[in-house]
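Each chain, letter by letter, is given below.
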Amino acid sequence: MNAAADALAAVKDTAKDAVKDADRKHVFHSWSAQELIDPLAVAGAEGSYFWDYEGNRFLDFSSALVYTNIGYQHPKVAAAIAEQAGKLCTVAPGFAVDVRSEAARLIAERTPGDLDKIFFTNAGAEAVENAVRMARVHTGRPKVLAAYRSYHGATSAAINLTGDARRFGNDSATAGVVHFWGPFRYRSPFHAATDAEESARALRHLEDTIVFEGPRSIAAVILETVGGAPGVLVPPPGYLAGVRELCDRYGIVFILDEVMVGFGRTGKWFACEHWDVTPDLLCFAKGVTSGYVPLGGVAISAAIAETFARRPYPGGLTYSGHVLACAAAVATINTMAEEGIVEQSARTGAELLGPGLRALAERHPSVGEVRGLGTFWALELVRDAQTGEPLVPYNASGADNAPMAAFAAACKKGGLWPLVAGNRIHVAPPCNISEQDVAKGLEILDEALSVADAHMA
């Protein structure tokens, strides 16, 4: 038995070494200094877990990059992709195809209001690019307003719209983007004491920005419905409705970026349903296929669709509505509906994650705030519980980021794969995670947070 086990271990080591060697030689990784990273070699995944070649299993509290909404390797979706591949692997985007039409219909059924036309892209950043292009052509105006605390993607327009530090190395200063402060009461730029004050003052600031930039020069305001990468920023009551009213008053297109929060992540099909607000354009990706095949898109209002009824839309993509991706979308949406996964996400947030994370905050002084919805939460980690000073500085790296690196390492040592951003851990497991796995994840977080506590001032 020992000899057999040793032989199996040797085979696994050889496989791991081959993967790592090829990765090191040929793969260029995003957002990284290539010689300073050591990516984990993943051997497989299923449900809420993935594992390496040594058999170490990780409970994935990041849903990859917040997209495995139905978990890894769901058999219904895997089978649908295989079935579609057996019938038709690909066809040009200019044709009418059953699976593409069905994917568009299923999405349009779930989007709010009259967002009934679907333009397919390959991913979220392309969805943002095309939504901005549609708004500019529709209005004939050049500027787009975006929040500082935001992330919209890494392509040209999307990265300039982005407000966080990833913009710095890409900012052209000629992209026609104006940034403004959105609401975030925990670190309020408006010195607000209540959600109502934060909402009102943020709306006044946005209107001042519109007025001083010149309303007739502004094509669109774009917002993440719930800020994802910036820290799961849930808007206060009245804010999104107020932005909608400002856009209507000044003839500005309202774009909501739901790339991260659509398709059940917040306990609704789309997060804007929580506030009963309908944008003019809605960007989606990620959860629409649970990431099994890349797909994104823009849901388009009747008014903007009419602009292009007899006028060609000046944009397109070779793989727009790729049939394998659309097959994955159809199967994912149907599976979510059949298995009640959106409703499960809502219950998990209300009954398990929300109460569980707030209980952790009571035990750990390094947790400054807990916020979230559904299966989308963040813990704000602080260095000083009284002042709310972040555990690490903004855009920290190297030694400055050591406390968060130590916290993340403790999570992984316990068997939990975290999504760490800045001074926060984002808790975004699959929307259909089991109660037992939620409890296990919270237990590992409880232990890891003691590491964060030790780094407090």
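Remember, it's a predicted structure, so these values are computed and weren't measured experimentally. Here the residue numbering is sequential within each chain, running from 1 through the sequence in written order. In keeping with the model being predicted, local features are shown solely for residues with a pLDDT of at least 70 and side-chain atom pairs are shown and tallied solely at 80 or more, while totals for entire chains, interfaces and linings include all residues. Based on all heavy atoms of the structure, the side-chain values leave hydrogens and waters out of the count.

Student: Lay out the side chain of D52 with the relevant residues and their values.
Tutor: Starting at the N terminus, helices and strands are each numbered in turn, a helix being any DSSP run of H or I of at least four residues and a strand any DSSP run of E of at least two. Within the fold, D52 resides in strand β2 (residues 49-52). Each residue gets one of three labels from its accessible area relative to the maximum for its type: buried under 20%, exposed over 50%, partly exposed in between, using a 1.4 Å probe on protein chains only. Residues scored as positive are Lys and Arg, those scored as negative are Asp and Glu, and His as well as the terminal groups of each chain are ignored. When a carboxyl oxygen of Asp or Glu is within 4 Å of a side-chain nitrogen of Lys or Arg, the pair counts as a salt bridge. Comment: no salt bridge for buried D52; closest opposite-charge side chain is K16, at 7.3 Å. Any pair of nitrogen or oxygen atoms within 3.5 Å is treated as a polar contact; in protein, a donor-acceptor pairing is required on top of that, and neighbouring residues in sequence qualify only through side-chain atoms on both sides. At 3.0 Å, the side chain of D52 forms a polar contact with the backbone nitrogen of E54. A polar contact is formed between the side chain of D52 and the backbone nitrogen of G55, at a distance of 3.0 Å. Residues in contact with D52, not counting those within four places in the same chain, are L40, A41, V42, A43 and F58. Note on definitions: a residue-residue contact is assigned when non-hydrogen atoms from the two residues lie within 4.5 Å.

Student: So what about the sheet that holds β2? Which residues, and what values?
Tutor: Strands qualify as paired when DSSP identifies two bridges or more between them. Ordered by their spatial adjacency, four strands build an open sheet running β1-β2-β3-β14, and the pairing between neighbours is mixed. Two strands lie at the open edges of the sheet, namely β1 (42-46) and β14 (416-417), each paired on one side alone. Pairing of β1 with β2, which is carried by four bridges, proceeds in the antiparallel orientation. Bridging from a neighbouring strand, V42 pairs with D52 of β2.

Student: Tell me about helix α8 (residues 239-250), and please be specific about residues and values.
Tutor: With 12 residues, α8 extends 17 Å from end C-alpha to end C-alpha; this agrees with the ideal 16 Å at 1.5 Å per step. Those residues of α8 lying buried are Y239, L240, G242, V243, R244, L246, C247 and Y250. Where the residues of α8 are buried, they touch β6 (177-180), α7 (195-213), β7 (218-224) and β8 (253-257). To estimate the expected span of a helix, count its residues, drop one, and scale the result by 1.5 Å.

Student: Please provide a residue-by-residue account of the nonpolar core, values included.
Tutor: Residues F120, L223, Y239, V243, F263 and F284 are the most contacted members of the largest nonpolar core, which totals 59 residues. Among the elements that make up this core, the one with the highest residue count is helix α10 (residues 323-339) (10 residues). Setting aside chain neighbours within four positions, we find F120 in contact with R100, A103, A104, I107, F284, L295, G296, G297, L317, S320, G321 and C326. By convention a nonpolar core is built from buried Ala, Val, Leu, Ile, Met, Phe, Trp, Tyr and Cys residues, the set being connected through side-chain atoms within 4.5 Å.

Student: Pulling in residues and values, what's your account of the pattern of salt bridges?
Tutor: Considering all chains together, one arrives at 22 salt bridges under this definition. R244 is the partner of D248 in a salt bridge, and the nearest nitrogen-oxygen pair spans 2.8 Å. Pair noted here: D248 and R244 are both in helix α8, with a separation of four residues, about one helical turn. Note on R244: relative accessible area 14%, which makes it buried. Here D446 ties to R363 by a salt bridge, and the two come within 3.1 Å at their closest N and O atoms. One end of the pair, D446, is in helix α13 (residues 435-454); the other, R363, is in helix α11 (residues 341-363), and 83 residues separate them in sequence. The partly exposed category is assigned to D446, whose relative accessible area is 23%.

Function-wise, these values are silent; they only describe arrangement.
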